[in-house]
Amino acid sequence: MTTPHASAPAGRGGLSSQADITAEIAALSENYLESGATETQSRLDYPPYRSSVLRHPTKDLHHADPEGIELWAPVFGQRDVAPIESDLTVQHAGEPLGEKIEVTGRLLDGDGHPIAGQLIEIWQANAGGRYIHKGDQHPAPIDPNFTGCGRVITGADGTYRFMTIKPGPYPWKNHYNAWRPAHIHFSLFGTDFTQRMITQMYFPGDPLFALDPIYQAIRDQKARDRLVATYDHDVTEHELHTGYRWDIVLTGSGATPMEEQL
Amino acid sequence: MTQSPLVATPGQTIGPFFHFGLPYDGGAELVPAGRADAIRLTGIVYDGSGKPIPDALIEIWQAAPDGTVPRAEGSLHRDGWTFTGWGRCPTDRTGRYTFTTVAPGAVDGATARWFSIVVFARGLLNRLFTRCYLPGAGLDDDALLASVDADRRSTLIATADDDGYVFDIHLQGEGETVFLRFPAHLD
């Protein structure tokens, strides 16, 4: 692209500029700091992420005590996932391009207990920032040796381990010249269904963090940091791959309410 | 090892590109369609302007017809005989999801029968939980329904049709579905 950065709005297809989005992010961050509240999750209503405007509830979430089926989670096991599914680098005839990485950590509940024998699913872009998805048509190459999805069942101590390729950042159409920080999507189950969640793991030091309205939809810096993996040289293997560690904490289970434990 | 409470990792949007990673063959068929007691659970997911959402993902989690909680693995590779109680369905171009399943029984002495439902979508920054109650007897004694304003209660109750039940989900606006916050969810 040779489009100058300072092109007129008409040249951006009516999209907001990064400067507009950054200003909106700053204003919402200032509101948060002034409020004195402590948020731990993404805001559902976060206009800098344009697609959220018509897709968040406007009414307060309704308090519910978990009951019946909600106090249990579906069971997954060796029938569901083959061990090889946790290695995203061996799904094709050849080796994928990019920086080979191991991502490992533990899945814990809100009391620090490991969640054993539970399903974790991931999906991600390739090293060039391209997804195997018909909706991703930006000019970065598909890698014939990389699909980008994997599954694993956690071990007895809640440990998971994926071998993959470090994904690239990629452009999207939230605003003009919008780029997502590199990330891996994680889908998670706990021991009761109220713990079900999906999130994104990021890499340390990404220069796009401050510009990204999805990452910034978590308004608390400490909470945002919980989505960033740590480089761990003990996970790195001699002449094979680098290593990242990322522990995941699900909400407390219904059996051990945490409302008094802020 | 520490036993002190930990703060939960934040959720984030499922984004637009989950289709190659999460849906799988048979995900929405908890039982074979030919089974005598099979029902269809279907509905459309709408945004705040009343437009269907073609990139949402719906999961259901339910009891067996006799009210027992399924404890069998095998949801990702169904054998056609084992009821695992959990299913996953992406919405199609018209915003519709469709599960083939059986009607859940009431659990643990409850009178109402319902599916637990979780909603993910591009543009939705964190998952939303709701319940889909089956219409008919048993709803009057349900504590959650009783706690919801009468004019919004119907958003939690499916409508029967010839093949099973219809349950539309409105993320916002007219007829906005009641979504749930559990005590362990801090915000």
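Everything quoted here is computed from the prediction, not taken from an experiment.

Reading the values: the criteria
Residues numbered from 1 in each chain as written. Chains lettered and ligands numbered in written order. Predicted model: local features only at pLDDT ≥ 70, side-chain atom pairs only at ≥ 80, totals over all residues. Helix = DSSP H or I, 4+ residues; strand = E, 2+ residues; numbered from the N terminus. Rg over C-alpha atoms; globule rule 2.2 N^0.38 Å. Buried ≥ 20, exposed ≤ 12 C-beta atoms within 10 Å, placed from the backbone. Contact = placed C-beta atoms within 7 Å. Nonpolar A, V, L, I, M, F, W, Y, C, P; charged D, E, K, R; others polar. Expected span 1.5 Å × (residues − 1). Core = buried A, V, L, I, M, F, W, Y, C linked by C-beta atoms within 7 Å. Pairing = 2+ DSSP bridges. Axes fitted to C-alpha atoms, helices over the stretch in contact; angles between N-to-C directions. pLDDT = per-residue confidence, 0-100.

Let us look at the overall build of chain B. Along its length, chain B carries two helices and ten strands. Counting helices and strands in the order they occur from the N terminus, chain B gives β-β-β-β-β-β-α-α-β-β-β-β. Here the C-alpha radius of gyration of chain B, 17 Å, is about what a compact globule of 187 residues would show, namely 16 Å. Judged by the C-alpha coordinates and their principal axes, chain B covers about 50 × 45 × 40 Å.

Let's shift gears to the overall build of chain A. Summing up its helical and strand segments, chain A has two helices and twelve strands in all. In chain A, the succession of helices and strands from N to C terminus is α-β-β-β-β-β-β-β-β-β-α-β-β-β. Its C-alpha radius of gyration of 20 Å places chain A within 12% of the 18 Å reference for a compact globule of 262 residues. C-alpha extents for chain A along the principal axes are approximately 55 × 50 × 35 Å. The 262 residues of chain A split such that 43% are buried. Pairs at least 24 apart in sequence give 73% of the contacts found in chain A among residues at least 6 apart.

Residue-level contacts link 72 residues of chain A with 69 residues of chain B. Going through the elements one at a time, strand 1 (62-63), strand 3 (119-124), strand 8 (183-188), strand 9 (197-202) and strand 12 (248-249) of chain A are the ones with two or more residues in the side of chain A that touches chain B. Considering each element in turn, the side of chain A that touches chain B owes the most residues, four residues, to strand 9 of chain A. Here the residues of the side of chain A that touches chain B are counted per class, giving 32 nonpolar, 26 polar and 14 charged.

Below, the discussion takes up the environment of Gly190(A). Here Gly190(A) shows up in the loop between strand 8 and strand 9. For the pair Gly190(A) and Pro114(A), spaced 76 residues apart in sequence, the C-alpha separation works out to 9.7 Å.

What follows deals with the environment of Arg180(A). Residues and elements named next belong to chain A. If you trace the backbone, Arg180 turns up in strand 7 (residues 178-180). Taking the C-alpha atoms as reference, Arg180 lies 9.3 Å from Gly129; in sequence the two are 51 residues apart. Leaving out residues up to four positions away in the same chain, Arg180 has contacts with Pro169, Tyr170, Trp172, Leu208 and Asp212.

Moving on to unusual backbone geometry. Residue and element names in this part refer to chain A. For Glu239, which is not glycine, the phi dihedral falls at a positive 60 degrees. Structurally, Glu239 can be placed in the loop between strand 10 (230-231) and strand 11 (242-245). Classification of Glu239 by C-beta neighbours within 10 Å gives exposed; the count is 4.

The end-to-end C-alpha separation of helix 1 (residues 18-35) of chain A is 26 Å, in line with the 26 Å expected for 18 residues at 1.5 Å each. A positive phi of about 75 degrees marks Gly36(A), the residue just after helix 1 of chain A.

Another aspect to go through is the nonpolar core. Residues Val119(B) and Phe120(B) are the most contacted members of the largest nonpolar core, which totals 106 residues. No other element matches strand 5 (residues 114-121) of chain B, which puts seven residues into this core. When near neighbours in sequence (up to four residues on either side) are disregarded, Phe120(B) contacts Ile198(A), Ile14(B), Ala56(B), Leu57(B) and Arg127(B).

Right, let's get into the sheet that holds strand 4 (residues 149-153) of chain A. All names here are of chain A. An order of 4-3-8-9 is seen for the four strands of this open sheet, with the pairing classed as antiparallel. Edge positions in the sheet fall to strand 4 and strand 9, since each of these pairs with one other strand and no more. Taken over all neighbouring pairs, the strand axes of this sheet differ in orientation by 25 degrees on average, direction set aside. Both strand 3 and strand 4 contribute to a ladder of five bridges, which runs antiparallel. Residue pairing across strands places Ile122 opposite Gly150, the latter belonging to strand 4.

Before going further, it helps to examine the environment of Thr40(A). The topology assignment puts Thr40(A) in the loop between helix 1 and strand 1. Assessed through the 19 C-beta atoms surrounding it within 10 Å, Thr40(A) is described here as partly exposed. Taking the C-alpha atoms as reference, Thr40(A) lies 30 Å from Asn126(A); in sequence the two are 86 residues apart. Setting aside its immediate chain neighbours within four residues, Thr40(A) contacts Asp220(A), Ala223(A), Val7(B), Ala8(B), Pro10(B), Leu186(B) and Asp187(B).

Residue and element names in this part refer to chain A. Summarising burial for strand 9: six of the six residues are buried, a large majority. Side chains Met197, Thr199 and Met201 of strand 9 all project onto a buried face; the interleaved residues Ile198, Gln200 and Tyr202 project onto the opposite face, where all are buried too. Here six bridges tie strand 8 to strand 9, and the two strands are oriented antiparallel to one another. Paired with His185 across the two strands is Gln200, which belongs to strand 9.

On to the pairing of strand 2 (residues 100-108) of chain A, then. Residue and element names in this part refer to chain A. Sheet topology note: the strand 2/strand 5 (residues 159-165) ladder contains seven bridges and is antiparallel. Bridge pairing in strand 5 places Gly105 opposite Tyr160. As defined by bridge partners, strand 2 adjoins strand 11 across four bridges and the pair is classed as parallel. Note that in strand 11 the partner of Thr104 across the bridge is Arg245.

With that settled, consider the confidence of the model for chain A. All names here are of chain A. Counting all residues, the mean pLDDT for chain A is 92, and 92% of those residues have values of 70 or more. A low-confidence stretch, residues 1-8 (pLDDT under 50), is modelled with two contacts involving residues beyond four sequence positions or located in other chains. Under a pLDDT of 50 for its full length, residues 256-262 has, in the predicted model, ten contacts with residues more than four places off or in other chains.

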